[in-house]
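Single-letter residue listing:
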Amino acid sequence: MRLTVNGIEHDLDLDPRTTVLDALREHLDLTGAKKGCDHGQCGACTVLLDGRRVNSCLLLAVAHQDAEIRTVEGFEDHPVQRGFLEHDGFQCGYCTPGQICSAVGMLDEVERGWPSAATGGDPEGEDLLSDAEIRERMSGNLCRCGAYPNMVPAIREAAGR
Amino acid sequence: MKTFTYRSATGFADGLEPGAVFLAGGTNLVDLMKLGVAAPDVLVDVNRLVADEISELPGGGLRIGAGVRNSDLAADPRVRTRYPVLSQALLAGASGQLRNMATTGGNLLQRTRCRYFMDATKPCNKHAPGTGCPARDGDHRNLAILGGSDACIATHPSDMAVALVALDAVVNTSGPAGERRIPAEELHRLPGDAPERDTVLEHGELITSVDLPAVEVTNSAYRKARDRASYAFAVGSVAAALTVAGGTVGDVRLAWGAVAPKPWRARIAEERLRGAPATRESFLAAADAELAGARALRDNAYKIALMRNLTASVLERLAAAGGTR
Ligand SMILES: Cc1cc2nc3c(=O)[nH]c(=O)nc-3n(C[C@H](O)[C@H](O)[C@H](O)COP(=O)(O)OP(=O)(O)OC[C@H]3O[C@@H](n4cnc5c(N)ncnc54)[C@H](O)[C@@H]3O)c2cc1C
Ligand code: FES
Ligand code: FES
């Protein structure tokens, strides 16, 4: 089986049941993406698949051999990472790699003008990075430490960089 | 998880061997496989097979490929302007990450979130026919008040499907027996004494696309009640479209989510509303007429009041928004 992660192609001998999350953590030593729930409910395993944020715990590796996977290890001094550091956007850090990947994907969605459930009737005239928007767009990432308040400005600031 | 073989589907109407299932985004199927509730022998990946494009239909409708991701569908400018109820329903569902994987076909065919269905160690007439239903005396707080049977009171969890039913969408399929056009309202079936069958689809029948008919009413909205503000399944939802002329209801479409084993088209309420004054009183009376058939259990009676109020508030807002085309 072939998996392309952070620009490097890997040849792996994997059971078809292996998820992308388990392939990363157990076979490629990339332990940034975390296993919180293993059922799509927490976002700790978020990675970018062809540039889009997804839950890697629900992806079968065998089905994504042609995709470009990007994990938190693939970012170096990214504006979102800097924002989390400067604004103290975490406590224990367990959810943080997922939050960061999710925020990177989310800012790209905002860039493309995608609406969210917080967006009103006229998305043209709306601030897609208001507090309400950021909270709604990031709702797929839970944080047991409740470090949410500082993540909001961290993400908004990263958008401007 | 039971092991399986994996292959990528190559052509339509290949059919499926017994024990084989289609894989799309995998956000529901892989979850159920981990839980041991689904245990296919073969996974047939349809991601390269089904279209992931939205195209114009002659006469002003849209054709949504079964492989279109929920996030792309919700963001499509044509969907946002012509079918706001559909965009809103999609955005009310799941999370950004899940919507990026979830497909139109997979969303329609996602299975109930009833806790007994999702627990392979529990009896459940849906995952193990004939074993009984613990929900009646157990946890049924989020289960059906309409359309259930003695065998099963599970609710259909999709938000998107409720909007499609309100919009009179048509599901196009291709299978060993040929091609079919199935009204979205008739795709899901009521459980009766065979709750293991969620839909009218045959084994190996592939959803290829969903057609949205030309819009008659763009004044539409989706409203969802849930236990937390985001990233939670509905406990009740309303998809509605409305026109008002001279204070009187013209056209109205109303569908309810999370109250029945299928997306529930509220036809009794619609009937009452056509030609009625566009007032809160008639909206409530129409909801009451639909809910006359509701049967609640110990812990889900709140849904009757919820649907009554939610319906009236959505219709009031649509009426205030002009109710014009
Ligand atoms: C934590 C969590 C929260 C969620 N919250 C919500 C919510 O609030 N609202 C909501 O509506 N949904 C919610 N969902 C469900 C989500 O929307 C579904 O999992 C998703 O839409 C399924 O699409 P998929 O493409 O991933 O389907 P898959 O998991 O790939 O498939 C689902 C089923 O459809 C069949 N199938 C797929 N494509 C086809 C086809 N073209 N033809 C025939 N059969 C096909 C498969 O065989 C399988 O049985 C949530 C899911 C999770 C995990
Ligand atoms: S581990 Fe994937 S969403 Fe929780
Ligand atoms: S920082 Fe501890 S879980 Fe988020």
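Residues numbered from 1 in each chain as written. Chains lettered and ligands numbered in written order. Predicted model: local features only at pLDDT ≥ 70, side-chain atom pairs only at ≥ 80, totals over all residues. Heavy atoms only, no water.

A. View of the packing of helix 10 (residues 280–291) of chain B against helix 11 (residues 302–320) of chain B. All names here are of chain B. Orientation of helix 10 relative to helix 11, taken along the N-to-C sense of each, is 140 degrees, at an axis distance of 9 Å. With respect to their mutual orientation, helix 10 and helix 11 come out oblique. Between helix 10 and helix 11 lies a crossing whose hand is right-handed. Taken together, the residues of helix 11 that come into contact with helix 10 (itself represented by R280, F283, L284, A287, D288 and L291) are I304, M307, R308, N309, T311, A312, S313, L315, E316 and A319. For the contact of helix 10 with helix 11, a count of residues per class yields nine nonpolar, three polar and four charged. (Axes fitted to C-alpha atoms, helices over the stretch in contact; angles between N-to-C directions. Helix = DSSP H or I, 4+ residues; strand = E, 2+ residues; numbered from the N terminus. Parallel < 35°, antiparallel > 145°, perpendicular 65-115°, else oblique. Left-handed = near helix turned anticlockwise from the far one by under 90°. Contact = heavy atoms within 4.5 Å. Nonpolar A, V, L, I, M, F, W, Y, C, P; charged D, E, K, R; others polar.)

B. Local environment of the sheet that holds strand 2 (residues 20–23) of chain B. Residue and element names in this part refer to chain B. Reading across the sheet, the three strands line up as 1-3-2 and stay open at both edges, with parallel pairing between neighbours. Across the chains shown, the open sheet's two edge strands, defined by having one partner strand only, are strand 1 (5–8) and strand 2. Pairs of neighbouring strands in the sheet enclose a mean axial angle of 25 degrees, with direction left out of account. For strand 2 and strand 3 (residues 42–45), the ladder comprises four bridges, and the chain directions are parallel. Note that in strand 3 the partner of V21 across the bridge is L43. (Pairing = 2+ DSSP bridges.)

C. Up close: the site of ligand 1. Around ligand 1, the structure places 31 residues, and the nearest of them are F22, G26, T27, T103 and D159 of chain B. Ligand 1 is flanked by residues contributed from chains A and B. Between ligand 1 and A24 of chain B, the relevant distance is 2.8 Å, taken from an oxygen atom to a main-chain nitrogen or oxygen of the residue. Here an oxygen atom of ligand 1 and a backbone polar atom of L29 of chain B are 2.8 Å apart. Taken by itself ligand 1 offers 980 Å² of open surface, and the protein chains cover 94% of this. Elements that contribute at least two residues to the shell around ligand 1 include exactly helix 6 (104–108) and strand 8 (206–212) of chain B. Ranked by residue count, the leading element in the shell around ligand 1 is helix 6 of chain B, at three residues. (Near = heavy atom within 4 Å. Polar contact = N/O pair within 3.5 Å; in protein donor to acceptor, adjacent residues only side chain to side chain. Areas by Shrake-Rupley, 256 points an atom, 1.4 Å probe, with all protein chains shown as cover.)

D. Spotlight on the interface of chain B and chain A. Each partner contributes to the interface: chain B provides 33 residues, whereas chain A provides 37 residues. Taken over both partners, the interface formed by chain B and chain A buries close to 2,800 Å², and the fraction arising from carbon and sulfur atoms is 54%. When the buried surface of chain B facing chain A is broken down by residue, K34, Q97 and Y231 of chain B rank first, second and third, together holding 24% of it. Viewed at the interface, chain A and chain B are joined by three salt bridges. D38 of chain A serves as the salt-bridge partner of K34 of chain B, at 2.8 Å between the closest nitrogen and oxygen. Linking chain B to chain A there are 18 residue pairs in polar contact (both at pLDDT 80 or more). Looking at the side of chain B that touches chain A, the elements with two or more residues in it are helix 1 (29–34), strand 3, helix 2 (70–75) and helix 5 (96–101) of chain B. Tallying contributions element by element places helix 5 of chain B first for the side of chain B that touches chain A, with five residues. (Buried area = accessible area lost by both parts, 1.4 Å probe. Salt bridge = Lys/Arg side-chain N within 4 Å of Asp/Glu carboxyl O.)

Purely geometric numbers; function is a separate question.
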